[in-house]
Amino acid sequence: MTIFSKIIAGEIPSYKCAESDKFYAFLDINPLAQGHTLVVPKHEVDYIFDLSDEELADMVVFAKKVALAIQRAFPCRKVGMAVLGLEVNHAHIHLVPLQSEGDMDFRKPKLQLDADTMKQTADKILAEFER
Ligand code: AMP
């Protein structure tokens, strides 16, 4: 079971931003920017391009809804989308609010946001997602 499956099962806490029957979205614990969110399929698959065409298409449509919620909650120029998957072997899409190109640089030092700020950030995105 991956760490993300444990999060989906509620065995490990997360800052939930959105959920559907097939997908779950939560804040990245080491954010590049406030509102940096991960979208994962509940179905445990390592590599995103091992998902079926239908699952991948559904995941991108779900990620679009989450991205629009992020942008309403945290106004930004664009929401960037990236797939790395080098650390956690459970397919996921990174959604990062962007003001400039450098905001998507995964090598830069991550933000340190306290638990209250993380909770408020996730709740704001969730409220926009459910709007
Ligand atoms: P990668 O697999 O390279 O896309 O990186 C995995 C991402 O998951 C990193 O940005 C981590 O900060 C993030 N991450 C790892 N564990 C957790 C967790 N328990 N909760 C939220 N984000 C996590």
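You'll find the structure just up there.
Since we're looking at a predicted model, the values are computed, not measured.

About the criteria used
Residues numbered from 1 in each chain as written. Predicted model: local features only at pLDDT ≥ 70, side-chain atom pairs only at ≥ 80, totals over all residues. Heavy atoms only, no water. Helix = DSSP H or I, 4+ residues; strand = E, 2+ residues; numbered from the N terminus. Buried < 20%, exposed > 50% of the residue type's maximum accessible area, 1.4 Å probe, protein only. Polar contact = N/O pair within 3.5 Å; in protein donor to acceptor, adjacent residues only side chain to side chain. Contact = heavy atoms within 4.5 Å. Expected span 1.5 Å × (residues − 1). Arc of directions from axis to C-beta. Phe/Tyr/Trp six-rings, centres within 6.5 Å; stacked < 30°, edge-to-face > 60°. Lys NZ or Arg CZ within 6 Å of the ring centre and 35° of its normal.

> How would you explain the side chain of T121 if you had to name every residue and give the values?
Here T121 lies in helix 3 (residues 115-130). Since its relative accessible area comes to 2%, T121 is described here as buried. A polar contact is formed between the side chain of T121 and the side chain of Q34, at a distance of 2.9 Å. Discounting chain neighbours no more than four positions away, the residues touching T121 are L27, Q34, G35 and F74.

> Help me get a handle on helix 3, residues and values and all.
Its 16 residues give helix 3 an end-to-end C-alpha distance of 22 Å, which sits within 8% of 22 Å, the value for a rise of 1.5 Å per residue. Along helix 3, the positions that sit buried rather than exposed are M118, T121, A122, I125, L126 and E128. Buried residues along helix 3 cover an arc of 165° about the axis, so they all sit on one side. Set apart from the buried face of helix 3 by more than 90 degrees, the exposed residues are D116, Q120 and E130. For helix 3, the capping residue at the N-terminal end is D114, with a side-chain oxygen 3.2 Å from the backbone nitrogen of D116.

> So what's going on with the packing of aromatic side chains? Residues and values would help.
A full pass over the atoms with the stated rule returns 5 aromatic pairs. An aromatic cluster is built from F4, Y24 and F26, whose rings are joined through pairwise contacts. Just above the ring of F74 sits the side chain of K124; from NZ or CZ to the centre is 4.9 Å.

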